[in-house]
Amino acid sequence: MTEPQKPPSEQQWTRRRIVAVGAGGLAAAGLGGTAYATSTVGRGGATASGPDADVCYRLTSETVEGPYYIDADKLRRDITEDREGIPLLLALTVIDSDTCRPLRNAAVDIWHCDATGVYSGYEQQGSGGGGGGPAPTGEPPTGRPPTGAPTGAPPGGGHQEPTDDTRYLRGTWRTDRHGRVSFRTVFPGWYRGRCVHIHAKVHVDGEWTDVGYEGGRTCHTGQFFFDEKSVLASAAVEPYASNTAERTTLAEDTIYDQSGVRGGLLRLRYDRRRIGRGVHAAITVGVDPEATEDGQDGPSRPSASASPSGSGPASGTSRTSGAS
């Protein structure tokens, strides 16, 4: 299959309109050159191979959007820009949880912090800000902040307006006819109050035309999570090793529902002796295409000692891209 022409990733796209492009395999330099995607089994009996070949389910971890979602940003699969970190290939398969069939032509947004816990668009907030979890409580951690990372207390409450024009580690791409979409990025870091995670949104029922993607709605807002072994392995590698922020473990996180893959826990492949060479992450995302899940509700496991961060304006029937 011929790789479609890469869109002009440096252009900004307006709300509800992004350039229509084809979806194809992600050439991941340094990560084996092949997107690690999964397949599913339809209830009609059709069988496919892959880690999730025997699984058909709805992803239960609908979560808050978080304060750092940025509407209308970059249409691209390589979202790394100039960020240092362990190369990460994130391969998603989006399915209809009722029929188990792949969701083609869906628009998928992902966004996450960098290795030192900083979100693009919000560098003035520094390491440790929001991202769809509880507002930090108690005394701030002691120690020197990561070299080059902005300082300052993280904001609490609802959606935050961007403080700058940076947009690294944010991007949008469309699913192919198998429901697959892949992103090239870096392994996320951490900040106080949250475990290591990636945000995601899935948009459906819009129309891809020669001028863009029109209409549609958000049918899934969730987060993907990393197991403790991988996070501890990453912490031994720079620039993660310089991140002195207090870290919340997967078991302590108030957003992750502890349900494994159903709750957004990624399937990971990497050399445990040399994680710095790169990580393949994959998951099948079961969604209800008829639902509207824009991330405006609170987390499923609210903490008694910390209030959940709010989220941005409801997306309703609007199409959004690159997110926070």
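In what follows, the structure referred to is the one given above.
Residues numbered from 1 in each chain as written. Predicted model: local features only at pLDDT ≥ 70, side-chain atom pairs only at ≥ 80, totals over all residues. Heavy atoms only, no water.

Teacher, can you tell me more about the overall build of the chain here?
On a plain count of helices and strands, the chain comes out with one helix and eight strands. Across the chain, helices and strands are ordered from the amino to the carboxyl terminus as β-β-β-β-β-β-α-β-β. Taken over 324 residues, the chain has a buried fraction of 56%. Of the contacts formed within the chain by residues at least 6 apart in sequence, a portion of 83% connects residues at least 24 apart. With an accessible surface of roughly 13200 Å², the chain has 47% of that area assigned to carbon and sulfur atoms. (Helix = DSSP H or I, 4+ residues; strand = E, 2+ residues; numbered from the N terminus. Buried < 20%, exposed > 50% of the residue type's maximum accessible area, 1.4 Å probe, protein only. Contact = heavy atoms within 4.5 Å. Areas by Shrake-Rupley, 256 points an atom, 1.4 Å probe, with all protein chains shown as cover.)

What is the right way to look at the nonpolar core in this model?
For soluble globular proteins, the rule of thumb is that nonpolar side chains tend to be buried together. Counting 42 residues, the largest nonpolar core has F224 and F226 as the members making the most contacts within it. When contributions to this core are tallied by element, the ones reaching two or more residues are β1 (87-96), β2 (107-111), β4 (180-186), β5 (197-208), β6 (213-225), α1 (228-234) and β8 (279-287). Ignoring any residue separated from it by four or fewer positions in sequence, one finds F226 in contact with L88, F187, P188, V196, H197, I198, V231, L250, L265, L266 and L268. Formed by eight residues, the second largest nonpolar core is a distinct cluster that contains Y69, Y119, Y122 and Y191. (Core = buried A, V, L, I, M, F, W, Y, C linked by side-chain atoms within 4.5 Å.)

It is not clear to me how unusual backbone geometry should be interpreted in this structure. Could you clarify?
Negative phi is the rule for most residues except glycine; trans is the rule for most peptide bonds. E238 connects to P239 through a cis peptide bond whose omega is 5°. Within the element layout of this structure, P239 appears in the loop between α1 and β7 (267-269). Residues other than glycine seldom take positive phi values, yet D205 does so here, at roughly 65°. Within the secondary structure layout, D205 lies in strand β5.

Would you mind going over the pairing of β8 with me for this structure?
The two faces of the sheet receive side chains in turn, since in a regular strand these alternate between them. Here β8 lies mainly inside the structure; nine of its nine residues are buried. In β8, alternate side chains face the same way, and those of V279, A281, I283, V285 and V287 on one face and H280, A282, T284 and G286 on the other are all buried. In this structure, β7 lies alongside β8, joined through three bridges in antiparallel fashion. Looking at β8, one finds that R269 is bridged to H280. (Pairing = 2+ DSSP bridges.)

Teacher, can you tell me more about the sheet that holds β7 here?
Strand pairing in a sheet relies on backbone hydrogen bonds, with the paired strands running either antiparallel or parallel. Read across the open sheet, the four strands follow the order β4-β1-β8-β7; overall the sheet is mixed. Strands at the two margins of the open sheet, each flanked by one partner only, are β4 and β7. Between one strand and the next, the sheet's axes are offset by a mean angle of 20°, whatever the strand orientation. As paired elements, β1 and β4 share seven bridges and run antiparallel to each other. Residue L90 lies in a different strand from β4, and its bridge partner there is F183. (Axes fitted to C-alpha atoms, helices over the stretch in contact; angles between N-to-C directions.)

In this structure, what is going on with the packing of aromatic side chains? I would like to understand it.
The geometry of two aromatic rings is summed up by the distance between their centres and the angle between their planes. Under the counting rule described, the total for this entry stands at seven aromatic pairs. Relative to W111, the ring of Y69 lies with its centre 5.1 Å away and its plane at 75°, an arrangement referred to as edge-to-face. Here the residue Y69 occupies a position in the segment before β1, and W111 occupies one in strand β2, the gap between them amounting to 42 residues. Judged by relative accessible area, which is 6%, Y69 ranks as buried. When the centroid spacing of 4.9 Å and the interplanar angle of 50° are considered together, the rings of F225 and Y256 count as tilted. Here F225 is found in strand β6, whereas its partner Y256 is found in the loop between α1 and β7, with 31 residues between them in sequence. The same class applies to F225 and to Y256, which are both buried. Taken together, Y68, Y119, Y122 and Y191 form an aromatic cluster joined through their ring pairs. (Phe/Tyr/Trp six-rings, centres within 6.5 Å; stacked < 30°, edge-to-face > 60°.)

As far as function goes, none of this settles anything; it's purely spatial.
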